[in-house]
Every structure is written in C-alpha cells, then in structure tokens.
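Remarks on the overall topology
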Amino acid sequence: MWSNVRAEFAKHARRPANWLLLGIAATLSVVFAYLIPYAGLSGATSDAPNSERGLDSMLPAQFVSNAIGGVPVFVGALALIFGVLVVGSEYGWETWKSVLVQIPSRARVYGAKIITVLTGTLILVLTLLTVAATASVVVATVESRPINWPGPADLLAGAGGAWLASTMWASLGMLLAIALRSVALPVGLGLVWLLAVQNLLSAIAAPLLDWVADMQKALPGPNAGSLVASLGARPDTPGVAELVAPTQAALVLGAYLVAFTALGGWLLQRRDIH
Amino acid sequence: MSDPVETTALTKRYGEILAVDQLRLHVRDGEVYGFLGPNGAGKTTTLRMLLGLVRPTSGGVRLFGRPPGPGYLASVGALIEGPSFYPYLSGRQNLRVLAGHAGVDRSRVPGVLDTVDLTDRADDRYGTYSLGMKQRLGLAAALLKKPGLLILDEPTNGLDPAGMADMRRTIRKLAAEGCTILLSSHLLAEVQQVCDRVGVIAQGRLVAERTVGEFGTASLRVAADPLAEARDVAGRLVGAERVRTEGEVLELDVEPDQASRINTELVRAGIDVSELHWHEPDLEKTFLELTGAQSHVE
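Worth saying up front: this structure is predicted, and the values here are computed from it rather than measured.

1. Re the nonpolar core
Core analysis: the largest hydrophobic core is formed by 149 residues, its most contacted members being Leu51(B), Leu95(B), Leu150(B), Ile151(B), Ile181(B) and Leu182(B). Considering each element in turn, this core owes the most residues, 13 residues, to helix H4 (residues 71-92) of chain A. Excluding anything up to four places from it in sequence, Ile151(B) contacts Leu47(B), Leu50(B), Leu51(B), Val76(B), Gly77(B), Ala78(B), Leu79(B), Ile80(B) and Leu182(B).

Structure follows, in structure tokens:
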C-alpha cells in the first residue's frame, strides 16, 4: 500500500494544476481576509467586503479565524476541484488501465488516492494558516501592535475543522469524478452545487419555506459554514453562519466524508474500466 | 504447469450486444499467440477481461492457473488499446509512478527504457513524444514486472513502417527470451510474421485456431509451355504429389532453394519458362471465409 501512496504522491506533487489551486487559495485568502479589509480600514475602498472589520480582526490573535473563513465557499470549491483532478484525470487521460494492469487491486489504488487527498487538503489548510499568520504579523508590525498568538487548542481546532470541511468537499469531487468518469462535468456540477444552489437555498428558499430551512441543516455547505463559524470565522463571511451546533456540524461533515468516499469506492470497484 | 492464459466460456454482454460469446482461449507457455479479428470482433474486450479491467458476464479466466485476485497479474505485462500516461511527467517519471504501483523497484526503469530504445528521450515530457515513442513507452511499462506473459493489444497501431518493424523485432526478441506473448491484431501480415499460433475471433466467437503454417505455406508458381510436359518434368524432380495445375500455371509445394534447379531442368528439357515466382498463401481469403466478414483486415 505504501508504494501505491508514494506513487500517487509523486504523481500529484509534480502536477502544476495542484500548485495552481494552492496558489489561488492562498492568494484569495490574503486578498479577502487582509488586503481588502486593511484597505477598507485605511479608507481606500470603504464599500469593499469586510472593509468594516476592525484592525483587531487582522492581528495574529485572530489569524486562525481569517485562515478558515473561506473554507465553506472558495476553499471548499478549490478542494472539490482537487478531488476531481485526483480521480477524474485517470479517466481523462485513460490512465486507469495503465495503473490497474500493474496492480489489479482497485481498493489499494483508491486507498492511495484517499490518502493523497487527505494529505493535499492538509497541505492546503496548513498553507492557509501559514499565509494568514504571516499576513497578520505584517499588519501588526506595520501598525505597531503587539503580536499575541492564539492558544494551541484554538489552532488545532481551527486546522482540524478546516481540514474536515475541505476533505469533505474533495471527497465529493472524487465521487462526482468516478460517477461521471470525467473531469469537466464533475467540476462544473460540483461548483454549481457549492457556489450557486446552496446559496440560493439559504438566501432565497430557506427564509420562505420552513422545510427548506430545516433541510439545509443537513446539507454539507451549511454544516461547513456552521463549523468554521463556531471556530471563530466571522459570520459576515459568505457561507459562514452558525445554523447548527459545532458537534452536529462536525458529525454531519464526517458522515458526508465517509459516505462520499465509500460510495466512490463502491462505484469504482464494480464498474468496468474502458 | 498451468497455461499462461486459459478462459472457459468467457462471455461479455453489453445490454443487447454480445461482445464476447463463450470464448475458450488457451495460450501455451513460451508461444507467441496471435489473436486475430476484424475491428469490433471482441478482441480488446477479451483482453480487458483477462486483465480484470472489464468484468465478464459469465465464464472464467485464469492466468498461470490463478483466478482474478491477489497476485493475479504478478507476472503479467500489458499494453491495451494504445499507451496512456500522464502528459506532464517525463517518460522516466511515468515509469517510476507505474513501478511504484506495481511494487517493482525503480531500478528496473533504466533497463526497460533501454530495451525499447528510449533512454535518450526518457527525461522529456510524455506530452512531447511522437506516437512511436509513446507506443515504445507503453511497451516499456508492460515490461516493468519482468513478465512471463505479455498481452499486447494492436501494438503497431498508428506506427510508421519503420516503427512497426522495430516493434515486431522487439516482440520477437522478447519471445526468444522465453516470454509468452498474446498479441491482438487485425493485420494478417503482422500475425504471420510474428506469431506461432493464431486464434481467429469474429463476432465474439473463436472461429478457428491454427498454427501459422496451417493457414497455408508459400508455393512456387511456374508459367511454362507446354504445360503438361512441364508438369511431368517437375513431378519427376520434386514428386508428383507436390505439383498441381492451377489454371494456366503449375503450383509446386517446394522449398525456396529448389527454385533455381527446377528452372534449370525445365529449360534443359526444352520447355519455355515465361514466369517463375513465389506465391504467398491468401490469408485474407482464408480469414474472410472463416469470419464471414467484409474486408476489415489489411
């Protein structure tokens, strides 16, 4: 199994698209959590999103909440794309057959891919935390504020919550890629759900229909938003709202992660490879 | 010892379409077996079932006596329906990734690159390779596990004549080293040049299984005047049972080194010899008779 994991790591570490996704996530995180709020604070763009945030929210003590604020929406979307790429590209390049004639155990290869996704989303979350921490130190230095770091428990909880939510979205990407045996359609459909349908449900349908309001408490997006909200992400961030208790949110996200992963494995196991 | 490939009543159905029908295939140890059939006959589906990529609707498959499961492909290499690799990796990196999945030491990679004569371009991105180089890399990947059985699906597809000759030379070399080879092709000449035994598949069924020689051997055709006298002279030289009249010419089942002597004796007997040439057996005609197909073969 370890040799399969190493093979997957070698493959994905050299793939430019993965580094591009990571770079975009880090850039968006800095732009929306620090640059725009800081510009708003200095009066340059007073109407920009999050510009009303105070300086305190950009200092090192708050860097975890800034780092994970994007997880329910854009970080989740990028994680979903990553999940699609890890599995779907094997269909696009027809490389499943090249791999599976070397090793007939689809379960082992799929297991290696799951570990690759877990590792990839962990790197994503750690990168966001590192970038946010660096940006917060820059802000504190420029504003001559003391540098106070959050406690290890807050740091671990924030990283763990963001990792869980990101991996859940990546596992949805893997499932869609296996179900649709491609890359483009799974990315498109996944993003439509993540960025459009969920927002329409919560912004338009839920206030009008009670059953939609109740139903969305079981959907992956609102639970991801609730989890990061409970970990300090500001509720004025898109997708962040504490609709359910953090324990429930974590359990629901975990259940989705297991279900998406298991369903993907089952489909891969029983279908023919063409 | 079990046969490298053994199938029993192997069947694959896609809805209403019966792609492979009760196929019984035996490939013996050390032989080069040609799996011949027109496009769409079920060759690739059969090979995919052998490799566990496609699940049979019914019937069984064994490779070296093992049913599908752990260790099933331990000594099997394959190139199925053209090479497929990661375009952003080099040839060498692609092989290292596949070696990792196969559980093979990376030290095998330089050797197989050398076998397919790709060492010079091994560090270039796969996406920049020509079709011939891609095909050679595919063969290199198939050799990673030092296979006892090599399954090659149309390995010369898309290659130019020089590339085809190279590929056939490599296949013959591997066979000479003791590797059993199952080669699917729709090219009669290719099968004739490379294979020991041939299975002909049509509409999912194995319609014939013969040695290449049983498909017919080359004969010497002689146009001479008078024909009856020429037949007598030739009959005395090589045996009457090996001489027959086909229209306006004689057809002689003889070895190539006898041609000049036959010519000399006919001329010495005062017979005018206007034509003397080797006639290859009409494999295509035989193939079409067996498959009942239109000419999808070359």
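2. Things to note about the confidence of the model for chain B
All names here are of chain B. Residue-level pLDDT values for chain B average 87, and 95% of them are 70 or greater. Highest mean pLDDT in chain B belongs to helix H2 (residues 91-102) (95); lowest belongs to helix H9 (residues 283-291) (70). Across residues 294-298 the pLDDT falls below 50, and counting only partners more than four positions away or on other chains, this stretch makes 15 contacts in the model.

3. Section: the packing of H2(B) against helix H4 (residues 131-142) of chain B
The relative placement of two packed helices comes down to the angle between their axes together with the axis-to-axis distance. Residue and element names in this part refer to chain B. It is the contact of H2 with H4, at a shortest axis distance of 10 Å, that shows an interaxial angle of 30 degrees. As the angle between them shows, H2 and H4 are arranged roughly parallel. Classified by chirality, the crossing of H4 by H2 is right-handed. Here Gly91, Leu95 and Leu98 of H2 come into contact with H4, specifically with Leu137, Ala140 and Ala141. The residue makeup of the contact of H2 with H4, split by class, is 5 nonpolar, 1 polar and no charged.

4. Overview of unusual backbone geometry
Residues and elements named next belong to chain B. Geometrically, the link from Asp225 to Pro226 is a cis peptide bond, its omega value of 0 degrees lying close to zero. One can find Pro226 in the loop between strand E11 (219-225) and helix H7 (227-238). Unlike most non-glycine residues, Glu81 shows phi in positive territory, near 45 degrees. You can see Glu81 is positioned in the loop between strand E6 (76-79) and H2. Notably, Gln203 is not glycine yet its phi reads approximately 50 degrees, a positive angle. Relative to the elements of secondary structure, Gln203 occurs in the loop between strand E9 (197-202) and strand E10 (205-211).

5. Focus on the state of the cysteines
Joining two cysteines, a disulfide is a covalent bond between their sulfur atoms. All names here are of chain B. In the structure shown here, the tally under the stated rule is 0 disulfides over all chains. Counting only cysteine sulfurs, Cys195 is the nearest neighbor of Cys179, a cysteine outside any disulfide, at a range of 13 Å. Look at Cys179 and you get buried, because its relative accessible area is 8%.

6. Comments concerning the pattern of salt bridges
All chains considered together, the criterion is met by 20 salt bridges over all chains. Glu94(A) is the salt-bridge partner of Lys97(A), the closest N and O atoms lying 4.0 Å from each other. Judged by relative accessible area, which is 4%, Lys97(A) ranks as buried. For Glu94(A), a relative accessible area of 41% puts it in the partly exposed group. In this structure, the salt-bridge partner of Arg92(B) is Asp123(B), at a minimum N-O distance of 2.8 Å. Highlighted residues: Arg92(B) in helix H2 and Asp123(B) in the loop between helix H3 (108-115) and H4, separated in sequence by 31 residues. Accessibility expressed as a relative area gives 17% for Arg92(B), which makes it buried.

7. Side note on the interface of chain A and chain B
Facing the 29 residues of chain A at the interface are 31 residues of chain B. With both sides pooled, the region where chain A packs onto chain B buries about 2600 Å², and carbon together with sulfur makes up 55% of that total. In terms of surface lost to chain B, no three residues of chain A exceed Lys97(A), Val101(A) and Gln102(A), which account for 27% of the buried area on that side. At the junction of chain A and chain B, the tally comes to 1 salt bridge. Put simply, Lys12(B) and Asp272(A) hold a salt bridge, and the shortest N to O gap is 2.9 Å. Between chain A and chain B we count 21 residue pairs in polar contact (both at pLDDT 80 or more) in total. Mapped by element, the contributors of at least two residues to the side of chain A that touches chain B are helix H1 (2-13), helix H5 (96-100), helix H6 (106-142) and helix H11 (246-270) of chain A. It is H1(A) that contributes the most residues to the side of chain A that touches chain B, 7 residues altogether.

Cut-offs and rules
Residues numbered from 1 in each chain as written. Chains lettered and ligands numbered in written order. Predicted model: local features only at pLDDT ≥ 70, side-chain atom pairs only at ≥ 80, totals over all residues. Heavy atoms only, no water. Core = buried A, V, L, I, M, F, W, Y, C linked by side-chain atoms within 4.5 Å. Buried < 20%, exposed > 50% of the residue type's maximum accessible area, 1.4 Å probe, protein only. Helix = DSSP H or I, 4+ residues; strand = E, 2+ residues; numbered from the N terminus. Contact = heavy atoms within 4.5 Å. pLDDT = per-residue confidence, 0-100. Axes fitted to C-alpha atoms, helices over the stretch in contact; angles between N-to-C directions. Parallel < 35°, antiparallel > 145°, perpendicular 65-115°, else oblique. Left-handed = near helix turned anticlockwise from the far one by under 90°. Nonpolar A, V, L, I, M, F, W, Y, C, P; charged D, E, K, R; others polar. Disulfide = S-S within 2.5 Å. Salt bridge = Lys/Arg side-chain N within 4 Å of Asp/Glu carboxyl O. Buried area = accessible area lost by both parts, 1.4 Å probe. Polar contact = N/O pair within 3.5 Å; in protein donor to acceptor, adjacent residues only side chain to side chain.

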